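Each chain, written out:
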Amino acid sequence: MSKPVALFILSLTQVAIMSLWFTTAAIAPALQTEFNIDTAQIGWLTSAVQIGFVAGCLVSALFGLADRLDARRFYAASALIGGLANGLFLFVDPGSAAAIALRFLTGAAMAGVYPVGMKIAVSWADKDRGLLVGLLVGALTIGNASPHLFAFLGGVEWRIVMTATSVAAFAGAIAILVVPMGPAPGMAGRFDPAAALTAWTHKPTRYANFGYLGHMWELFAMWAWIAAYLAASFAAAGVDHAQTSASLASFFTIAVGSIGAFGGGWLADRMGRTALTMGAMAISGACCLLAGPVFGAAPVVVIALCLIWGITIIADSAQFSACVSELAEPGTQGTMLTIQTATGFALTVVTIQLMPGWVEWVGWQWAFAPLAIGPLLGTLAMGRLRAMPEAAGLAHGRR
């Protein structure tokens, strides 16, 4: 199988399986109406996926599962488990502990899909690692957006969304089995607890991780709550069927990030990783602040801002992982990437859970403003990394 065909199929499986991630965010209004679930409970349904993903990544890396098992079969089995856990959500009370446990299991299963997909993609790399990782992040982005499209097409009928995303995950599990590994070695996947501390004691790696944390402070909170923000904004502007319109607008807001992820990877390989990440975070951070003044404005204005935000908020994501893999000592890349992923996704739980409180305090108009703190600090961290001599080792000499 040729490289383009293999990567195309791999990307399609990522889109299909990653649709499991934000199903509860897409169906939140329906759940709140039918089951009288409050915003805090919706937050926990989303946060459970994040926590499950962190736990799954740590277990997978600690036991070297992606190295000991056939990567494609591990990927397929994880997708099947995630799809099953997602489907079982139909048979429990969405406000119960069982629902949260199923979302946790869904997140844990994703730890066998997204990082393993990276491993498969990078096995095809030839001086285009940033581009290939960006391709996978772009596929993840479209996958995360797709529940909002299902919600729009299904008239925000939540059972249709859960069923469609599970079926998509099962299809992705089957399709991945035809994708071969590439000729190049994959990213190291083993976790070495003794080397984990260097993620913070090695100064260049530490600043790359600080940049990633700033990025993650903003990213998943925006993805999780953008539909609620748009629905409130459209309602304030007097738009008919505000929730349905918000579902469609949310899909495009998140999905357009695939352009940013792919374009960001292409640009980073040419202009440098620190330059790309700093520029992307500066723009997305500004969008956090501008979301307040445009709230309730004409939908075309709000959507235009969200599209810019959607592109830039993810354009830098893959480059933090690429930075760490290039800065780490040989043989420690798996540990460094595990630490980065675990801390970053753990931080997302904080911002996702804080959003309901911010909304109650200041309303949806200004709820996203605190997210700008992350891109600001992340930009400063990447600026510090750029000034270090070790940055010359990034992107084949492009800082």
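Residues numbered from 1 in each chain as written. Predicted model: local features only at pLDDT ≥ 70, side-chain atom pairs only at ≥ 80, totals over all residues. Heavy atoms only, no water.

## What about the overall build of the chain?
Phase 1: Broken down by element type, the chain carries 19 helices and 0 strands.
Phase 2: Whereas a compact globule of 399 residues would reach a radius of gyration of roughly 21 Å, the chain reaches 20 Å, a difference of no more than 12%.
Phase 3: The dimensions of the chain, computed from C-alpha atoms along their principal axes, are 55 × 40 × 40 Å.
Phase 4: Burial status across the chain gives 57% buried among its 399 residues.
Phase 5: For the chain, restricting intrachain contacts to residue pairs at least 6 apart in sequence, the fraction spanning at least 24 positions comes to 83%.
Phase 6: In the chain, the 18 positive side-chain charges and the 17 negative ones have mean positions that sit 12 Å from each other. (Helix = DSSP H or I, 4+ residues; strand = E, 2+ residues; numbered from the N terminus. Rg over C-alpha atoms; globule rule 2.2 N^0.38 Å. Buried < 20%, exposed > 50% of the residue type's maximum accessible area, 1.4 Å probe, protein only. Contact = heavy atoms within 4.5 Å. Lys, Arg positive; Asp, Glu negative; His and termini not counted. Charge placed at Lys NZ, Arg CZ, Asp CG, Glu CD.)

## Things to note about the nonpolar core
Phase 1: Membership of the largest hydrophobic core comes to 118 residues, with the highest contact counts inside it found for Trp-223 and Tyr-229.
Phase 2: Element by element, the count of residues in this core is highest for helix α12 (residues 203–236), at 17 residues.
Phase 3: Not counting chain neighbours up to four residues away, the residues in contact with Trp-223 comprise Phe-22, Leu-140, Thr-141, Asn-144, His-148, Ile-254, Ile-313 and Ile-314. (Core = buried A, V, L, I, M, F, W, Y, C linked by side-chain atoms within 4.5 Å.)

## A few points about the packing of aromatic side chains
Phase 1: For the structure shown, the criterion picks out 19 aromatic pairs.
Phase 2: Taking 5.7 Å as the distance between ring centres and 40° as the angle between the ring planes, the aromatic pair formed by Trp-21 and Phe-345 counts as tilted. Here Trp-21 is found in the loop between α1 (3–17) and α2 (23–26), whereas its partner Phe-345 is found in helix α18 (residues 333–362), with 324 residues between them in sequence.
Phase 3: Note on Trp-225 and Trp-364: the rings are 6.0 Å apart at their centroids and 45° apart in plane angle, and the pair reads as tilted. Remark: Trp-364 occurs in the loop between α18 and α19 (373–386) and Trp-225 occurs in helix α12; sequence separation between them is 139 residues. Across the pair, exposure class does not vary: Trp-225 and Trp-364 are buried alike.
Phase 4: Through a chain of ring-to-ring contacts, three or more aromatic side chains come together here, namely Trp-21, Phe-22, Phe-53, Phe-220, Trp-223 and Phe-345. (Phe/Tyr/Trp six-rings, centres within 6.5 Å; stacked < 30°, edge-to-face > 60°.)

## Some words on the environment of Phe-345
Phase 1: The buried category is assigned to Phe-345, whose relative accessible area is 5%.
Phase 2: Taking the C-alpha atoms as reference points, Phe-345 and Val-116, separated by 229 residues in sequence, lie 17 Å from one another.
Phase 3: Those residues in contact with Phe-345, other than ones at most four positions away along the chain, are Trp-21, Gln-50, Phe-53, Val-54, Tyr-212, Met-216 and Phe-220.

## Section: the packing of helix α4 (residues 39–62) against α12
Phase 1: The interhelical angle for the contact between α4 and α12, taken along N-to-C directions, is 135°, at an axis separation of 11 Å. Taken as axis vectors, α4 and α12 run oblique relative to one another. Crossing of α4 over α12 shows right-handed handedness. Where α4 approaches α12, its residues Thr-39, Ile-42, Gly-43, Thr-46 and Gln-50 are matched on the opposing element by Phe-220, Ala-224 and Trp-225.
Phase 2: A per-class count over the contact of α4 with α12 returns 4 nonpolar, 4 polar and no charged. (Axes fitted to C-alpha atoms, helices over the stretch in contact; angles between N-to-C directions. Parallel < 35°, antiparallel > 145°, perpendicular 65-115°, else oblique. Left-handed = near helix turned anticlockwise from the far one by under 90°. Nonpolar A, V, L, I, M, F, W, Y, C, P; charged D, E, K, R; others polar.)

## Some remarks on the pattern of salt bridges
Phase 1: The full count for this structure, using the stated rule, is 3 salt bridges.
Phase 2: Glu-34 is paired through a salt bridge with Arg-159; the nearest N and O atoms lie 2.7 Å apart. Taken together, the residues span a long stretch of sequence, with Glu-34 in helix α3 (residues 28–35) and Arg-159 in helix α10 (residues 158–175) at a distance of 125 residues.
Phase 3: Arg-159 is the partner of Glu-157 in a salt bridge, and the nearest nitrogen-oxygen pair spans 3.5 Å. (Salt bridge = Lys/Arg side-chain N within 4 Å of Asp/Glu carboxyl O.)

## Digging into helix α15 (residues 273–290)
Phase 1: For α15, with 18 residues, the first-to-last C-alpha span of 26 Å sits near the 26 Å given by 1.5 Å per residue.
Phase 2: Within α15 the residues assigned to the buried category are Arg-273, Thr-274, Leu-276, Thr-277, Ala-280, Met-281, Ser-284, Gly-285, Cys-287 and Cys-288. Down the axis, α15 shows its buried residues gathered within 155° of arc, on one side only. (Expected span 1.5 Å × (residues − 1). Arc of directions from axis to C-beta.)

## Thoughts on the state of the cysteines
Phase 1: Tallying each qualifying case throughout the model produces 0 disulfides.
Phase 2: The cysteine Cys-57 is free of any disulfide, with Cys-323 supplying the nearest cysteine sulfur at 19 Å.
Phase 3: We classify Cys-57 as buried; its relative accessible area is 10%.
Phase 4: Looking at the unpaired Cys-287, the closest cysteine sulfur is the one in Cys-288, lying at 7.3 Å. (Disulfide = S-S within 2.5 Å.)

## Quick word on the packing of helix α13 (residues 242–255) against helix α14 (residues 257–271)
Angle between the axes and distance between the axes are the two parameters that describe a pair of packed helices.
Phase 1: Remark: α13 packs on α14, axes separated minimally by 5 Å, with the N-to-C direction vectors making an angle of 0°. Taken together, α13 and α14 sit at an angle that is classed as roughly parallel. Contact residues: Thr-253, Ile-254 and Ala-255 in α13; Gly-257, Ser-258 and Ile-259 in α14.
Phase 2: In terms of residue class, the contact of α13 with α14 is made up of 3 nonpolar, 3 polar and no charged.

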